[in-house]
Structures are given as C-alpha cells and as structure tokens.
Amino acid sequence: MTQEPSRQSGANSRRVLVTGGAGFIGSHLVEALLDRGDVVTVIDNLSTGRRSNIPEVHERLRFIEADLGDALPGMAESDRFEEIYHLAAAVGVKRILERPVESIETNIVDTVALLRFAEHHGPTPETGARTLIASSSEVYGKSEAAPFSEEDDCVYGPTTAGRWSYACSKAIDEHLALAHADAAGLPVVVARFFNTVGPRQVGDYGMVLPNFVRAALMGDAIPVYGDGGQSRCFCDVRDVVPAIMRLLSTPSCVGRVFNIGSDHLISILELARRVASVLGSTSEPKLIPYDKAYGPGFEDLRLRRPDLTRIRDAIGFEASIPLDVTIRDIASQINTSAAASGGNAVQ
Ligand code: UDP
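These figures come from a predicted structure and were not determined experimentally.

## What to know about the overall build of the protein chain
Item 1. A count of helical and extended segments in the protein chain gives 11 helices and 13 strands.
Item 2. Computed over its C-alpha atoms, the radius of gyration of the protein chain comes to 20 Å, within 12% of the 20 Å expected for a compact globule of 347 residues.
Item 3. C-alpha extents for the protein chain along the principal axes are approximately 60 × 45 × 40 Å.
Item 4. Counting over 347 residues, the protein chain shows a buried share of 54%.
Item 5. Considering only intrachain contacts with a sequence separation of at least 6, the fraction spanning at least 24 residues in the protein chain is 78%.
Item 6. Taking the 34 positively charged and 45 negatively charged side chains of the protein chain as two groups, their mean positions are separated by 3 Å.

## Notes on the site of the ligand
Item 1. By nearness alone, 16 residues border the ligand, and Pro223, Tyr225, Arg232, Asp300 and Arg304 come closest of all.
Item 2. Contacts to the ligand include asparagine 211, whose side-chain N or O atom sits 3.4 Å from an oxygen atom.
Item 3. For the shell around the ligand, the secondary-structure elements that each account for two or more residues are helix H6 (208-218), strand E8 (222-225) and helix H9 (290-294).
Item 4. Across the shell around the ligand, the residue classes tally to 9 nonpolar, 4 polar and 3 charged.

## Topic: the packing of aromatic side chains
Item 1. Per the stated rule, a full pass over the model turns up 7 aromatic pairs.
Item 2. Where tyrosine 225 meets tyrosine 294, the ring centres are 5.3 Å apart and the plane angle is 80°; that geometry is what we call edge-to-face. One end of the pair, tyrosine 225, is in strand E8; the other, tyrosine 294, is in helix H9, with 69 residues separating them in the sequence.
Item 3. For tyrosine 225, a relative accessible area of 16% gives the class buried.
Item 4. The rings of Tyr225, Tyr290, Tyr294 and Phe298 are connected pair by pair, giving a single aromatic cluster.
Item 5. Cation over ring: arginine 51 sits above phenylalanine 63, and NZ or CZ is 4.4 Å from the ring centre.
Item 6. Looking at arginine 192, its charged tip hangs above the ring of tyrosine 140, at a distance of 4.8 Å from the centre.

## Points about helix H11 (residues 323-340)
Item 1. Over its 18 residues, H11 runs 26 Å from end to end, which matches the ideal 26 Å to within 8%, given 1.5 Å per residue.
Item 2. Of the residues making up H11, those classed as buried are Leu323, Thr326, Ile327, Ile330, Ala331, Ile334, Asn335 and Ala338.
Item 3. Glycine 342, located one to two residues past H11, shows a positive phi value of around 90°.

## Focus on the environment of leucine 68
Item 1. With respect to the helices and strands, leucine 68 occurs in helix H2 (residues 68-71).
Item 2. On a C-alpha basis, the gap between leucine 68 and glutamate 102 in space is 13 Å, while along the polypeptide they are 34 residues apart.
Item 3. In contact with leucine 68, other than residues within four places in its own chain, are Thr19, Ile43, Pro73, His86, Asp110 and Leu114.

## What about the packing of H6 against H11?
Item 1. One way to put it is that H6 packs onto H11 with a least axis distance of 10 Å and a crossing angle of 65°. Crossing of H6 against H11: the hand is right-handed. Along the contact surface, H6 presents Leu209, Pro210, Val213, Arg214 and Leu217, while H11 presents Leu323, Thr326, Ile327, Ile330, Ala331, Ile334 and Asn335.
Item 2. Among the residues forming the contact of H6 with H11, the class breakdown is 9 nonpolar, 2 polar and 1 charged.

## With respect to unusual backbone geometry
Item 1. Following alanine 146, the chain continues to proline 147 via a peptide bond in cis, the omega torsion being 0°.
Item 2. Here proline 147 lies in the loop between strand E5 (130-136) and helix H5 (164-184).
Item 3. A positive phi angle, close to 60°, is found at leucine 46, a residue other than glycine.
Item 4. Assignment of secondary structure puts leucine 46 in the loop between strand E2 (39-44) and strand E3 (61-65).
Item 5. Residues other than glycine seldom take positive phi values, yet arginine 200 does so here, at roughly 85°.
Item 6. The topology assignment puts arginine 200 in the loop between strand E7 (196-197) and H6.

## A closer look at the sheet that holds strand E4 (residues 83-86)
Item 1. Read from one edge to the other, the open sheet built from 7 strands follows the order E3-E2-E1-E4-E5-E6-E11, with strand pairing classed as parallel. Of all strands in the sheet, those bounded by a partner on one side alone are E3 and strand E11 (256-260). When the angles between neighbouring strand axes are averaged without regard to direction, this sheet yields 15°.
Item 2. In this structure, strand E1 (residues 15-19) lies alongside E2, joined through 5 bridges in parallel fashion. Bridge pairing in E2 links arginine 15 to valine 39.
Item 3. Where helix H4 (residues 100-120) meets the sheet, its contacts fall on E1, E4, E5 and strand E6 (188-193), and the angle it forms with E4 comes to roughly 175°.
Item 4. Relative to the sheet, H5 contacts E5, E6 and E11, its axis offset from that of E5 by approximately 160°.

## Quick look at the layout of surface pockets
Item 1. Reported here for the second largest pocket is a volume of approximately 270 Å³.
Item 2. Residue lining of the second largest pocket: 19 residues in total, with Phe234, Ser262, His264, Ile321 and Leu323 positioned closest to the centre.
Item 3. Contributing elements (two or more residues each) for the lining of the second largest pocket: strand E10 (235-236) and strand E12 (265-267).
Item 4. Classifying every residue of the lining of the second largest pocket gives 9 nonpolar, 4 polar and 6 charged.

Each value, and the rule that gives it
- Residues numbered from 1 in each chain as written.
- Predicted model: local features only at pLDDT ≥ 70, side-chain atom pairs only at ≥ 80, totals over all residues.
- Heavy atoms only, no water.
- Helix = DSSP H or I, 4+ residues; strand = E, 2+ residues; numbered from the N terminus.
- Rg over C-alpha atoms; globule rule 2.2 N^0.38 Å.
- Buried < 20%, exposed > 50% of the residue type's maximum accessible area, 1.4 Å probe, protein only.
- Contact = heavy atoms within 4.5 Å.
- Lys, Arg positive; Asp, Glu negative; His and termini not counted.
- Charge placed at Lys NZ, Arg CZ, Asp CG, Glu CD.
- Near = heavy atom within 4 Å.
- Polar contact = N/O pair within 3.5 Å; in protein donor to acceptor, adjacent residues only side chain to side chain.
- Nonpolar A, V, L, I, M, F, W, Y, C, P; charged D, E, K, R; others polar.
- Phe/Tyr/Trp six-rings, centres within 6.5 Å; stacked < 30°, edge-to-face > 60°.
- Lys NZ or Arg CZ within 6 Å of the ring centre and 35° of its normal.
- Expected span 1.5 Å × (residues − 1).
- Axes fitted to C-alpha atoms, helices over the stretch in contact; angles between N-to-C directions.
- Left-handed = near helix turned anticlockwise from the far one by under 90°.
- Pairing = 2+ DSSP bridges.
- 1 Å grid on protein atoms, 1.4 Å probe; cavity = no way out; pocket = protein on both sides within 12 Å on 5 of 7 lines; lining within 4 Å.
- Points joined across faces, edges and corners; volume = space filled by probe spheres on them.

Set out below in structure tokens:
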C-alpha cells in the first residue's frame, strides 16, 4: 500500500529514501528525518520491521510495503533523492542461521539493486544520491584484534560454518559500495554498526538486550549463552541515528567506512545482572550452552569493541545515553506494547 507524501516542504527539507524504515534502527531514523522537515519515502517488506513503528499517516511520509527488488524498478523517473539510507537487511544471528539463503540473498542482491538505483536517482539526473550503506561489526569476523578499527583485517571461518555468511555478505556490500564510489563517483558512506539497542528492538531474532529485559520483567531466568564471559559494547539507537545523519551530511565522510557504537565493554553475564538490578527484578542469570542456543558448532565472538577514533575525528561523535536509561526505556516500551495489545503489562 502506498501513500503519497505531500511534495510541499520547507526550503531546506531533503527528499530521503529509507530502506528498512519500519525496522528498529530505520524507524528511529524516519522519526528524526521527519523532525528535520524532510520528505521521506520508506520501502520495507515488513519481514522483521513493523508498520506500527512509523506514523500511520504523515503528510511528508510515503510508505511502500514491498521487497526492494520489486519496489525500485517501479519507482518513477521523477523519484529523486538527496539522501538514501540503505538499512534493509536480514537481521539477527539466529534468523541468519535459520534462513541462510534468504539472508545472504537479501543482503547482497538488494544492495546491488539499491546502489544502481542510487546512481540514477540523485537530486538531478546527472548526480547520484548521497547513500549510506548499513554494515555491521560482524564484518570483522572472528578477529581477536579488538578494539577493531576500520582498516583492520577481517577474519572469517570456513564456508562450511554458516555463521560467517552474514559477515561475508556485509563485506561484499561494503566492497560494492566503495567500488561504486570509485568507478562512478557515487557519494557513499559505509556505517559499521556495533551492538545497537533501544526501544522497538525485539528479541525474536536473537538480540540479547530485549530478551534479557523481557525475562527480567517476567521474573524468568535470564538466558545467558555460553559462560557469559563474552563481552560487547551497547550503544543506544538514539545516539546512533543523529550520527549517521551527520555522517551523510559531512562531505569529508564520503567514500569512507566508519565504526559506530559505544566503546564501553560489559560482559553478557554482567549485563544480565545489570538488567535485573536496574529493573528491580529477582530474575537470575541461567547459563545455556551455545549448542543448545544456536545448534552445533556455533562460534561466538569473545570480545567485540570498536575503535571510535575515526568517527570522533570526523563528526565529534560521542554516545551519551547511559545503558541503564536504555534498559528502563526498553522495559517501559515492552510494557506499553503489552498493554496496547490487550495483554497485561509484564511488570
Ligand atoms: N546472547 C545471550 N542470550 C540471549 C541472546 C544473546 O547470552 O538471549 C549472547 C550472544 O550469544 C552474544 C551476545 O549475547 O554473545 C550478544 O548477542 P547479540 O545477538 O545481541 O549480538 P552479537 O552476537 O551480534 O554481538
């Protein structure tokens, strides 16, 4: 279903395309772009996104529910964009292991289509749209050289271990984006998202924080995979979104790759305890072997931490929302959604 956005907008408003705009990060971005006064088109097939994540009706928002490969060829010649954010992707390690073919194809084929589209649908017929390609800290693979910086080597396991297909597909996306920049002068920015968290993220695809918050709210055991000694850095989506908008508006960032996230490490066991304590829950962590969580042979990354020197130098990026605030906000959003869907709030 398509809603035409009003073509009337302020002098400084931009025409922006967001793929995956009904997803977790995409919907926060759409909100920020609408607040900036932009005219926004969202393409999302709602495979993991939710229509309710973005406004049902807004005069500057057009929502197209479709696969990218179906929607892009149908766009009019007059559909021109100053900015494109390509966030549509297969998400979550669990989902990728469950649906490998679909995930690899989505990540590669859609990016091929999107980049070709971006070359021909910029603000004028002669220019490409400024395009942000969402990549992932997964591209570093199982490198042990943390903190990871953008020019570091990527280290993958064998092709017989399905886990690395996501990393490889995202690495191909990055190569494609940079090749379009080199070959056709397409103004692209690659953003490597580290663990991003916040309201609207759902636990269904394996993401740790919403799972922990839900368990703590229910008073259930908190499922910690492995020994819980693996560590991650969690950054609130409301810090990430303004940063990607700045990256795409800053000419010196074009043609480059940026880590984006927080660099405050926390072990997963510590995270489980922190969630329970912040929410005043009596839930205790429960260790679950990796084999049981993901199937046999799963290789988890022991430590994932970004080197943020490049993004700090480029746009002065600094994450500011404390993890405890994020935990509380996820909890209140889960409670609000439960109440809205007629269920009881879980606290
Ligand atoms: N994890 C966990 N319990 C869960 C979901 C995830 O212990 O219910 C672990 C997972 O094995 C990983 C970490 O938490 O070590 C972060 O998982 P997530 O999928 O959120 O991010 P990623 O693995 O991509 O860093």
